[in-house]
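# Structure at a glance
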Amino acid sequence: MAGARMKRPIRILLPILLAAVLAACGNTEENGPKPNGAASDKPRRGGTVVTGWTTEPLGLVDLIFPTTAVGNEVLFRTFQHLVEEQPDFTEHPATFAPQLAESWEWSDDHKTLTFHLRKNLVWSDGAPLTAEDVRWTWQAHIDPAVAWDSAYMKENIRDVEVVDPQTVRFHFTHAYSKQMLDANEGLILPKHLWSQLPFEKWRESPDWFRQHLVAAGPFKIESWKPQQEMVLVRNERYWEKDRPYLDRVIMRFIPDAGNLLSQFLNGDLDFIPQVAPSEAARIRANPSLELVSYWSNLYVLVAWNNSRPPFSDPEVRRALTLAIDRQAIVDTLLPGGAGRVGVSPILQAVWAHDKKLQPWPYDPNEARRILAAKGWKDTNGDGILDRAGKKLSFDLTSNAGNQNRNDAAVMIQQQLRVVGIEATPRILEFNTLVTDNQSGHFDASVTGLSIDTSLDLSGTYHSRAIPSGENFLRYSNPEVDRLIDVSAQQTELEDALPYLHQIEHILHRDQPATYLWESQRLAALNKRVHDAWPNLQAGFFNLKDWWVEPRQ
Amino acid sequence: MAGYLLRRLISSFLLLLLVATIIFFLVHLAPGDPTTVLEGRRITPEQREHLRHLYGLDRPLGEQYVRWLGALARGDLGISFAQQRPITTIIAEAFPATFLLATAAILVEYGVALLLGIAAARRRDGTADHLIRVVSLLLSSQPSFWIGLMLILLFAHVWPLLPASHMHSIDADLMSPLGRALDLARHLILPAVALGLYNAGPTLRFVRGSLIEVMGMDYIRTARAKGLSERRVVWVHGLRNALTPLVQLFALSFPSLLNGAVLTEIIFSWPGLGRLSLAAILSRDYPLMVGITLFGALLVVLGNLVADLLQAALDPRVRDA
């Protein structure tokens, strides 16, 4: 079960995420570091961990229809999936570990997936968790009134059948590569309790859910003071009998990143999931603190509006990429190895990336040559290329509040000016930028996207996603469309590798966007916390395994 | 006085209506659809339509406005898109924290302003006066968030004497009522000082100027001629008249303090209206944005009304005008 952040479709990112993406320190492993703490350490039961977060769940509704990363952090510790997707996607497709289901099997035609639930599953109120919960959860997910934002992932599930209380069977319309991800998407909900409220009422009844909260995960919510803190306590009825080790996990919501860091450095906080790279040295200097870094699934790009001339010409887009010194941008904005130049949307930390593919170099002379061959010349000596009386000039948007992207836009402006291209940076409010991009009212935009472990590129690069604005690049290539469709039809993701490589090569050639950088995330822990493994899936990924030494 | 009160009430109501209308249309004219921002891009058209219907966004803007105004008349600010709870409830939960912070900040502001303002006025053009003027300028020129960050750095990080965030310590619920009150007071000190000091600069200058003006009047000369001590002349005769305009200033500054606490609340993780408004903006929560802004406008209008009534009560020429 991927964290929803991993399994969610490629999407434009909240600016607040970007600030946290940039990490700058060592012990990096492509798929995240190993849990901290020596293997010989004997876990200690009990204790409290205090954690700090700059954002908080929007409200109780965020625990039912999570829209924020922190909402997911809480939700994934209090509810569970059938299986848990592992952050091991560097060398092969991500694998799945048993969670509520202890085993599963496929039919010969790969159109039926049967899960066998654990026999001792109960909700925190003592009611049994059965296959009925799984089927009813699916019904909730696909109900239009519930308007669950991942309902599209259930489109190919024809039915969910209860075979017996511990066996549930998913029937698919056809075999394809994302079946397990689709079946597993969404946490299993308590039918015995929540079915009392009709689906039509769910969106209007957050207070009802507040009064009917139960948990199936290792923790349950003890208290929640909005804008202050949330306290998670051990769910004594959790199926894994010796977990969790911790008695309590306190999540303090501290919107000011400086104050958050200050409290962490003072020892008031044991864990912060996001640290700016500029602060890495201060944490590294403290022997009682530890940094954890891992490559993010986010990438920053210059999105060209492929439907507008001159960006509709792949050769012009390639010339623009050649004219941008991306290594200089990375060295300036993400120093100390916190970033690397992007190659394609299949990120370099992902198993399916073709390592033979190299980023386009910085080559302004070649950029000039391509543009000249396309008729772009400085005929009036004003330093800006022109063709048929029209200057090679455009707006380059980025979103307010994201300094790195804004700085990148200015650096790109200067670099393009060298080859005679006039780019004018414009900083927009985030929602305005999103709206402009989705509606196609932009020339070029420095923005961010993420890719999930299903490597589903249909959202941003398939032409059928243009009308919805999801393919906001407005990139259209029939061969890429075909390859995306063919790769999605493979029942095993490994089998899609040749098609993914072809897509990657075509995108590299066509440059629908200039891939600026991939970056690291940085989390920080007090060393009194052991066996924590924050990774791309979640800061609290293995929270049930965390244990702490007593406070000094 | 009754006629004056009625006139002021009517004008305040009309002003609020105007503010409400402007806020409503400004917020709704901004680009973007909250269903896009809140629910992600991959919800189906049917789901989006359902949500738009649920939130009333599928109706013409004029109809949305009339419905909203009707609900407003009943004291109903609507439902927050993001939290899906009544906005009046959300504001009612956050307001006490902001009110407490603003009250404490007022105490800091007026405490500092009175002490230094009186000292400066009594030592007019002396070294102390010049020094206090510099202090006043320094306070006025530092944004409250900067003062807040410096206070955190000094008193929570370098010398960890006071908590840097939140209203209560972890486990405050286990404390005795007195312990809990003291814990709250400790948490209140830094944000209240940050917010209060920022506003103390101009108030200090006002106190100084007002007292100097009063101390030059004939009745003060008379008091001195009667042989009263200088202390009595200043504190009893001078200050009483010098501070009368300050009452008005107070009535005006209190609501603006409530509205101006946004950055201070964010820096100190204070769970008030300021943080709430930021969250509303980031999540494009139209109704909550409108509700908070309208509530802030209501406070400002009420503050103005109180200031005018105080002035009318103190000066008959105003109410007779």
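All values reported here derive from a predicted model rather than from experimental measurement.

Along the backbone of chain B there are 15 helices and zero strands. If you line up chain B on its principal axes, its C-alpha atoms span 85 × 55 × 40 Å. Residues counted as buried form 45% of the 321 residues belonging to chain B. Restricting the contact set of chain B to residue pairs at least 6 apart, pairs at least 24 apart contribute 73%. For chain B, the accessible surface area stands at approximately 15400 Å², while carbon and sulfur atoms represent 69% of it. Charged side chains in chain B number 28 positive and 22 negative. The centres of these two groups are separated by 9 Å.

Bringing the interface of chain B and chain A into the picture now. How large an interface is tends to be reported as the accessible area lost when its parts come together. Counting residues at the interface gives 46 residues for chain B and 50 residues for chain A. Both sides of the chain B and chain A interface together cover about 4000 Å² of buried area, and 49% of this is carbon and sulfur. Summed over the shared surface of chain B and chain A, the number is three salt bridges. A salt bridge links Arg248 of chain A to Asp171 of chain B; the nearest nitrogen and oxygen atoms lie 3.1 Å apart.

The next subject is the packing of helix 7 (residues 144-158) of chain B against helix 8 (residues 177-215) of chain B. When two helices pack together, you describe them by how their axes are tilted relative to each other and by the distance separating the axes. All names here are of chain B. Helix 8 packs onto helix 7 with a crossing angle of 140° between their chain directions and a minimal axis gap of 9 Å. Our classification of the angle between helix 7 and helix 8 gives oblique. Handedness of the crossing formed by helix 7 with helix 8: right-handed. Of the residues in helix 8, those in contact with Ser144, Ile147, Gly148, Leu151 and Phe155 of helix 7 are Leu190, Val193, Ala194, Leu197 and Tyr198. When grouped by side-chain class, the residues that make up the contact of helix 7 with helix 8 number eight nonpolar, two polar and no charged.

For the rest of this paragraph, the subject is the sheet that holds strand 4 (residues 101-106) of chain A. Paired through their backbone hydrogen bonds, the strands of a sheet run either parallel or antiparallel. All names here are of chain A. Judged by pairing direction, the sheet is antiparallel, and its four strands sit side by side in the order 4-5-7-6 without closing on themselves. Single-partner strands in this sheet number two, and they are strand 4 and strand 6 (157-164). Ignoring which end each strand starts from, the neighbouring axes of this sheet average 20° apart. Sheet analysis places strand 6 next to strand 7 (residues 167-172), joined by six bridges and oriented antiparallel. The partner of Asp164 across the bridge, within strand 7, is Thr167. Each of strand 5 (112-117), strand 6 and strand 7 touches helix 5 (residues 131-142); the most contacted strand, strand 6, lies at about 165° to it.

Residue and element names in this part refer to chain A. Applying the stated criterion across every chain yields a total of 36 salt bridges over all chains. Two residues, Arg252 and Glu229, come together in a salt bridge whose shortest N-O distance is 3.0 Å. Here Arg252, found in strand 10 (residues 248-253), pairs with Glu229, found in strand 9 (residues 229-234); they are 23 residues apart in sequence, far enough to count as distant. Three or more residues are tied together by salt bridges with common partners; here these are Glu240, Asp242, Arg243, Lys544 and Asp545.

What follows is about the confidence of the model for chain A. On average, residues of chain A carry a pLDDT of 88, and 91% of them reach 70 or more. Counted against residues more than four places away or in other chains, residues 1-29 of chain A, with its pLDDT under 50, gives 142 contacts.

Scoring rules and cut-offs
- Residues numbered from 1 in each chain as written.
- Chains lettered and ligands numbered in written order.
- Predicted model: local features only at pLDDT ≥ 70, side-chain atom pairs only at ≥ 80, totals over all residues.
- Heavy atoms only, no water.
- Helix = DSSP H or I, 4+ residues; strand = E, 2+ residues; numbered from the N terminus.
- Buried < 20%, exposed > 50% of the residue type's maximum accessible area, 1.4 Å probe, protein only.
- Contact = heavy atoms within 4.5 Å.
- Areas by Shrake-Rupley, 256 points an atom, 1.4 Å probe, with all protein chains shown as cover.
- Lys, Arg positive; Asp, Glu negative; His and termini not counted.
- Charge placed at Lys NZ, Arg CZ, Asp CG, Glu CD.
- Buried area = accessible area lost by both parts, 1.4 Å probe.
- Salt bridge = Lys/Arg side-chain N within 4 Å of Asp/Glu carboxyl O.
- Axes fitted to C-alpha atoms, helices over the stretch in contact; angles between N-to-C directions.
- Parallel < 35°, antiparallel > 145°, perpendicular 65-115°, else oblique.
- Left-handed = near helix turned anticlockwise from the far one by under 90°.
- Nonpolar A, V, L, I, M, F, W, Y, C, P; charged D, E, K, R; others polar.
- Pairing = 2+ DSSP bridges.
- pLDDT = per-residue confidence, 0-100.

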